Amino acid sequence: MLKVSDLSVVFNEGTINEKRALNHVNFELNEGDFVTIIGSNGAGKSTLFQSISGAVDIKEGKIELDGKDITIDKEYVRSRVIGRLFQDPLKGTAPHMTIEENLALSYSRGKHFSLKPVSKKQRQIFIEALKQLDIGLEDRLTTKVGTLSGGQRQALTLLMATIVTPKLLLLDEHTAALDPATSQKVMNLSTKIAREHHITTMMITHNMEDALKYGNRTFIMNNGQIVLEISAEDKKKMSVEDLVAEFLKVAEASDEMLLRK
């Protein structure tokens, strides 16, 4: 469903600040896979998402989504089939527009956007979708998004990213800026929506417990590479302590290999 082949990204190439952010990354995801991704800062996690979504140029490699080569597609083209959430709840929504207007923008993804008023049919679709969030937003369609709390905005952003079912959903530490209770609620919503709509999902997290609890596969990244993949069966047998130990072991081995080069 998603196939990444020999993907490399180099920032500031040819300068003293040159950095190889991704180094020949390869993996394949099946439809409906939910992959959690862990790694230290600078491991290449967010750069991987930026490459897949088209936000950064790649040096070499190929990205295929649902059998289509999207390697050179512009970011706005990919956004029609790729949903993405960021760590900052302020991203992903237009604060000076209402909840209804934000949803209308997302609902028109891949279509010609019109400034015409939302139809009764569309409004009912929005209301039913908002009810699933269970945070009372279905009664606040005319509320400006900028007045919502961080958790409400992130939940709304999740809905906006999936109201037209994407082929791929990228969650970039999307609960990190939320308080524990709100974080749990948004995580539950994320897994519920991904499962019910069978959306292939990738989630970056620094929470080792979440890395084990959610998804059917886990990638550990270091130095711009996926240095270990943990299967669903192995995840079931692991504790958080086991995962931390495995993470430290493969990261150290990767660092040593880099030093030898």
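Residues numbered from 1 in each chain as written. Predicted model: local features only at pLDDT ≥ 70, side-chain atom pairs only at ≥ 80, totals over all residues. Heavy atoms only, no water.

(A) Quick peek at the sheet that holds strand S8 (residues 200–204). Sheet architecture is open: six strands sit in the order S6-S7-S8-S3-S9-S10, paired in mixed fashion. Edge strands, defined here as strands with exactly one partner in the open sheet, are strand S6 (82–85) and strand S10 (225–230). Each adjacent strand pair in this sheet contributes to an overall mean axis angle of 20°, direction not counted. Examined bridge by bridge, strand S3 (residues 34–39) and S8 share four bridges and lie parallel to one another. (Pairing = 2+ DSSP bridges. Helix = DSSP H or I, 4+ residues; strand = E, 2+ residues; numbered from the N terminus. Axes fitted to C-alpha atoms, helices over the stretch in contact; angles between N-to-C directions.)

(B) Region of interest: the sheet that holds strand S5 (residues 68–69). On the basis of which strands lie adjacent, the open sheet formed by four strands has the order S2-S1-S4-S5 and antiparallel pairing. On the outer flanks of this sheet lie strand S2 (19–29) and S5, each paired with one strand and no other. Here strand S4 (residues 60–65) runs beside S5; their pairing, made up of two bridges, is antiparallel. Bridge pairing in S5 links Glu64 to Asp69. Along the sheet, helix H1 (residues 45–53) contacts strand S1 (2–11), S2 and S4; its crossing angle with S2, the most-contacted strand, is approximately 65°. (Contact = heavy atoms within 4.5 Å.)

(C) Molecular detail of helix H6 (residues 180–196). In this model H6 runs 24 Å from its N-terminal to its C-terminal C-alpha over 17 residues, within 8% of the 24 Å that 1.5 Å per residue would give. Along H6, the positions that sit buried rather than exposed are Ser183, Val186, Met187, Leu189, Ser190, Thr191, Ile193 and Ala194. Elements that come into contact with the buried residues of H6 comprise S3, helix H4 (120–133), helix H5 (150–162), strand S7 (168–172), S8 and helix H7 (208–213). The opening residue of H6 is Asp179, an N-cap whose side-chain oxygen sits 3.1 Å from the backbone nitrogen of Ala181. Immediately downstream of H6, the backbone of His198 shows phi near 55°, a positive value. (Expected span 1.5 Å × (residues − 1). Buried < 20%, exposed > 50% of the residue type's maximum accessible area, 1.4 Å probe, protein only. Polar contact = N/O pair within 3.5 Å; in protein donor to acceptor, adjacent residues only side chain to side chain.)

(D) Layout of the nonpolar core. Membership of the largest hydrophobic core comes to 32 residues, with the highest contact counts inside it found for Ile99, Leu103, Phe126, Leu130, Leu133, Leu156 and Leu169. For this core, the secondary-structure elements that each account for two or more residues are helix H3 (99–107), H4, H5, S7 and H6. Leave out the neighbours within four places in its chain, and Leu103 touches Phe126, Leu130, Leu156, Leu159, Met160 and Ile163. Among the nonpolar cores identified, the runner-up in size contains 25 residues, and Phe27, Leu29, Ile70 and Ile82 belong to it. (Core = buried A, V, L, I, M, F, W, Y, C linked by side-chain atoms within 4.5 Å.)

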